[in-house]
Amino acid sequence: MRFKKELDFVHLSKFFYIFSIAITVAGLVFLATFGLNYSVDFKAGSNVDVALSKSITLAQLQPALDEAGIGHDPTITIGDQRVNIRYDEELDDTQSETLKAAITKIDDQASFEVNTVDTEMAKELARNAIYSVLLSSIGIIIYVSIRFEWRFALASIVALLHDAFMVVAVFSIFRLEVDITFIVAVLTIIGYSINDTIVIFDRIRENLRFGKQRSYEDLKALVNKSVSQTLMRSLYTAFTVFIAAFFLLIMGGESIKMFSLAMVIGLLFGAYSSIFIASPLWLLLKKRQKTPVKSNPAKA
Amino acid sequence: MLSFIITVVVLTGVMGFTTPGLLDKVRLGLDLKGGFEILYHAEPMDTGGTLTRASLQKTAESLEKRANALGTSEPEVTTEGTDRIRLKIAGVTDEAEVRKKMKEPAVLTFRSAADGDAPGVFSKIELVGSDFVEGAADVQRDNLNRPEISISIKDKDKFAEITERLLGKQLAIYLDETLLSDPPYVRAVLTDGKASISGGYTLDEAREIADTINLGALPLKLTEKYSQSVGATLGKQSLDQTVRAGIVGSLIILVFMMFMYRLPGVLASFALILHTWLLILVFVIADFTLTLPGIAAFILGIGMAVDANIITNERIREEMRSGKSILSSVKAGNKTSFRTVMDANVTTIIVAAVMFAFGTGAVKGFALILIVEIVLSIVTNLYFAHWLLTVLVKAGALKKPKQFGVKESDISAL
């Protein structure tokens, strides 16, 4: 399983830049017009998850909800032996107890998960998450600038923000629900993405030490060589982490479905961006460096 | 070679023997065992009052005592920031009742023994929290430098009447239904509304009582900011499903490693299993709570730990293809991959540390697991796996490039 002929990743990346920019634009348009489909974690309200011993229909459930007499109309999603009821207003404890009692009458095996959030809390969670991403980026810039050089730092930050944004964009475009675990997923993706990118950059750094790269063509060949040397590792690692996330998605608990989905999407983008975005971007930055190109820009 | 066999046999034995017991000891989060979690926002009952660190702490303690009194198992009450209290309770049958009880403000009372009370029982309420001047209770030292608590009562005449009536008798201090310390005796009739309570307290005890009186004088109002309640069946279901998903995913990863990298792949798999076992051990020893996002971090971490092994083995193969001998390929592969993996892991730790510092609840737990996992991964998948491989190669157990999954035809002449 080796590529005998080296692919021209730098050349290919031009098409992938277009692809990424297109998704970014689409994502921005969707975010601006529709925003994200926030779960109760981010939007004031209550979310009631019920596991039942049998599957029920909306017609069977509705009388119980009417009986509970909680005014506002909830959004109801019925699944296999499962019902999700979502209120846009917060239920107080008396209301949630009434609701539980009413549903227990239909099915005495029913088991509940009730989540209620205040808007203020939700905004705080979101704010913390954004700060986390920005602060992590600064931390990474400092570390990578010290260990490598600033061009690597900049390119890796672009790649990780790209990956994080791609997941947000996909969730916005397909109206997938964003909850607190989504934040965890995006932060993990960032961790994975930087991990993946650094391994390739490490190889570029290593190859830079051998021989002088006098022209842009030399540098380009070096990037292509480095990417293809680490390609199998990138693919294998992406595959194993993908397997872990994929099985969580198809077999894991209901409440981490969205987490796993975000992870699966993010991992694919993470592997892709390390190969086609980060390394060519570094080359682009390096090209602008004033002549002559030095052979040893960073000492480890 | 002997050290290799001993290490593997002993570790396998220890892991096999301890794992079932360890798994039982892992503390499960509410989302996995059922229960409820509430985040309260605390503010003083009176709008003019101020919220102090001490009153928040006291309120949290009083919540914990109430939860214990209601017979719940292991309630966890923690303060967060300057004005929040997080409460976690598992195994509650009547959730509504518990929630109602929790929200009631803490009640401070000074009581005397009524006629007919058995010794040590105090049922007549003499003073309630609102009788005290807010924030006036303090700790000072008497002439003999012993700590004592000074208090101030709003209604001087009422206090004078009480001290006159109870002269020589005991006045007991209660928070809710809990008696605080030995009931002090009334030594004098006090007409200026001020008193000091002494009774051989240590400084900490005195501080505790003063804080409690201040809390009673100005109880905190608790509002639910966030609540999560999970039924026990639902929690169990999530646990089972997620663990099953993890086992299937991990097995596929192990099979993949052994298939791709042959004997070194088997060593890598052994290191991965050791890594997982150590992680569970850390959970039990540090008494971490395992939550659903925690399991997710756990499983993803395994996926990422594999990366260290993949990088090493790919590198070794590369060195071999360039024509180096097996021993020098392994040495060079271990050395270069070590630096690569360290750089990659340190950057990931930076991300996790930021999450830990800024996150709350689930995010914090997830970040912590990720950090622990990366550190363990460095130990097992770098140091330990590299060592195993080197020992085997030196002992001559690995002689052919084929055993590393490298074709002879791919090796270029040096």
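Reading the values: the criteria
- Residues numbered from 1 in each chain as written.
- Chains lettered and ligands numbered in written order.
- Predicted model: local features only at pLDDT ≥ 70, side-chain atom pairs only at ≥ 80, totals over all residues.
- Heavy atoms only, no water.
- Pairing = 2+ DSSP bridges.
- Helix = DSSP H or I, 4+ residues; strand = E, 2+ residues; numbered from the N terminus.
- Axes fitted to C-alpha atoms, helices over the stretch in contact; angles between N-to-C directions.
- Expected span 1.5 Å × (residues − 1).
- Bend = angle between axes of the 7 residues up to and from the residue.
- Buried < 20%, exposed > 50% of the residue type's maximum accessible area, 1.4 Å probe, protein only.
- Phe/Tyr/Trp six-rings, centres within 6.5 Å; stacked < 30°, edge-to-face > 60°.
- Contact = heavy atoms within 4.5 Å.

Chemist: What is the right way to read the sheet that holds strand S9 (residues 172–175) of chain B from this model?
Modeler: Whether parallel or antiparallel, the strands of a sheet pair through hydrogen bonds between backbone atoms. Residues and elements named next belong to chain B. On the basis of which strands lie adjacent, the open sheet formed by four strands has the order S6-S5-S9-S10 and antiparallel pairing. Edge strands, defined here as strands with exactly one partner in the open sheet, are strand S6 (124–128) and strand S10 (178–180). Between one strand axis and the next, the sheet turns by 40° as a mean value, whatever way the strands run. Two elements, S9 and S10, share three bridges in a ladder whose sense is antiparallel. Within S10, the position partnered with Leu175 by the bridge is Thr178.

Chemist: I would appreciate a short explanation of helix H1 (residues 2–25) of chain B in the present structure.
Modeler: An α-helical turn contains 3.6 residues, so any two residues separated by three or four positions project in the same direction. Residue and element names in this part refer to chain B. Compared with an ideal rise of 1.5 Å per residue, which puts 24 residues at 34 Å, H1 spans 34 Å between its outermost C-alpha atoms and is within 8% of the ideal. At Thr19, H1 is bent by approximately 45°, the largest bend along its length, and proline Pro20 sits one to four residues beyond. Looking only at H1, the buried set comprises Phe4, Thr7, Leu11, Met15 and Leu22.

Chemist: What's the story with the packing of aromatic side chains in this structure? I'm lost.
Modeler: The description of an aromatic ring pair uses the distance of the two centres, along with the angle that the planes make with each other. One pass over the full model with this rule turns up 21 aromatic pairs over all chains. Judged by centre distance (4.9 Å) and plane angle (45°), the ring pair of A:Phe239 and B:Phe256 falls under tilted. Placement of A:Phe239 in helix H7 (residues 216–251) and of B:Phe256 in helix H7 (residues 232–286) is noted, with the two residues assigned to different chains. Overall, A:Phe239 belongs to the partly exposed group, its relative accessible area being 34%. A ring pair is formed by B:Phe110 and B:Phe132, whose centres lie 4.9 Å apart and whose planes are at 55°; its orientation type is tilted. Of the two residues, B:Phe110 is situated in strand S5 (residues 108–112) and B:Phe132 in the loop between S6 and strand S7 (138–141); the sequence distance between them amounts to 22 residues.

Chemist: What exactly am I supposed to notice about the environment of A:Gly191 here?
Modeler: Mapped onto the elements, A:Gly191 comes out in helix H6 (residues 180–209). Along the backbone, A:Gly191 and A:Ser136 are 55 residues apart, and their C-alpha atoms lie at a distance of 9.3 Å. Sequence-distant contacts of A:Gly191, defined by excluding residues within four places in its chain, comprise B:Met304, B:Thr348 and B:Val351.

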